[in-house]
Amino acid sequence: MKKNYFFAILIACLFCVSFVNSQNLDWTNPLTTGTGNASIAILASPPSVLLNNDIVTTQGALVGAFYENDSGNLICGGYVELNAEYMNGGSVNIAAWGTDAGEDNGFAAGETMQFYLNLNGVDYPANDVTFMMGDMQFEANGLYVISEINFALPVKYHTINLEQIGYKTCQC
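Model, not experiment: these values are computed from the prediction.

Enquirer: Can you break down the side chain of Thr33 residue by residue, with the values?
Expert: For Thr33, the location among the structural elements is in the loop between helix H1 (2-20) and strand S1 (37-42). A residue is classified by how much of its surface remains accessible, and Thr33, at 11% relative accessible area, is buried.

Enquirer: Can you break down the nonpolar core residue by residue, with the values?
Expert: If you look at the biggest cluster of nonpolar residues, it comprises 31 residues, and the most contacted ones within it are Ile40, Ile42, Val49, Val63, Phe115, Leu117 and Phe151. Going through the elements one at a time, S1, strand S2 (49-51), strand S4 (62-68), strand S6 (92-97), strand S7 (114-119), strand S8 (122-133) and strand S9 (143-151) are the ones with two or more residues in this core. Apart from residues lying up to four places away in sequence, Phe115 is in contact with Ile40, Gly64, Ala65, Tyr124, Pro125, Ala126, Val129, Phe131, Met136, Ile146, Ile149 and Phe151. With seven residues, the next largest nonpolar core counts Leu25, Leu62, Leu74 and Cys76 among its residues.

Enquirer: Lay out the environment of Val122 in plain terms, naming residues and giving numbers.
Expert: Within the fold, Val122 resides in strand S8. Sequence-wise, Val122 and Leu153 are 31 residues apart; in three dimensions their C-alpha atoms are separated by 9.2 Å.

Enquirer: For the pairing of S4, give the residues involved together with the corresponding values.
Expert: Strand residues, when the strand is regular, have side chains that alternate between the two faces of the sheet. The buried fraction of S4 is high, at six of seven residues. Strand direction decides the pairing type here: S4 and strand S5 (residues 74-81), joined by seven bridges, are antiparallel. The partner of Leu62 across the bridge, within S5, is Glu81. As consecutive antiparallel partners, S4 and S5 are separated by five residues, and within that stretch Gly72 has a phi angle of approximately 85°, a positive value.

What counts as what
- Residues numbered from 1 in each chain as written.
- Predicted model: local features only at pLDDT ≥ 70, side-chain atom pairs only at ≥ 80, totals over all residues.
- Heavy atoms only, no water.
- Helix = DSSP H or I, 4+ residues; strand = E, 2+ residues; numbered from the N terminus.
- Buried < 20%, exposed > 50% of the residue type's maximum accessible area, 1.4 Å probe, protein only.
- Core = buried A, V, L, I, M, F, W, Y, C linked by side-chain atoms within 4.5 Å.
- Contact = heavy atoms within 4.5 Å.
- Pairing = 2+ DSSP bridges.

Spelled out as structure tokens, the structure:
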């Protein structure tokens, strides 16, 4: 009987976790807007793009700034590929586009930019962002410089601790 409860709790937890982070991000660069864009430089020296505190060395990885649209979905406001130039010490830049008046096509003034890393098809949210210039709030024609950005595992990959959810191991 206890085994049935264990499996029921485990299945319920797995479904809950999968719905928390079920949105797959669309990494399509947006169309230009009349409002303008913000330039977000990502320094390459020292290596500034990290995943769980380890340097990202995969050429072709993407770093993007996302905004939440009126439907609550995360939409790409701009991204950059970590190419050979970045891997060889050259900085890269994201052009993050602002929204036009009355439209839902970019960042609103003062909106928090949400950064993600796409590595081998998996989207990792930014856990910690260190700015040399600017902050997380979008401003059209703003200049931002990121000296370090650390990404973490998405929620769906976190380990479930069964004791934290009330399951006690059987001492049979």
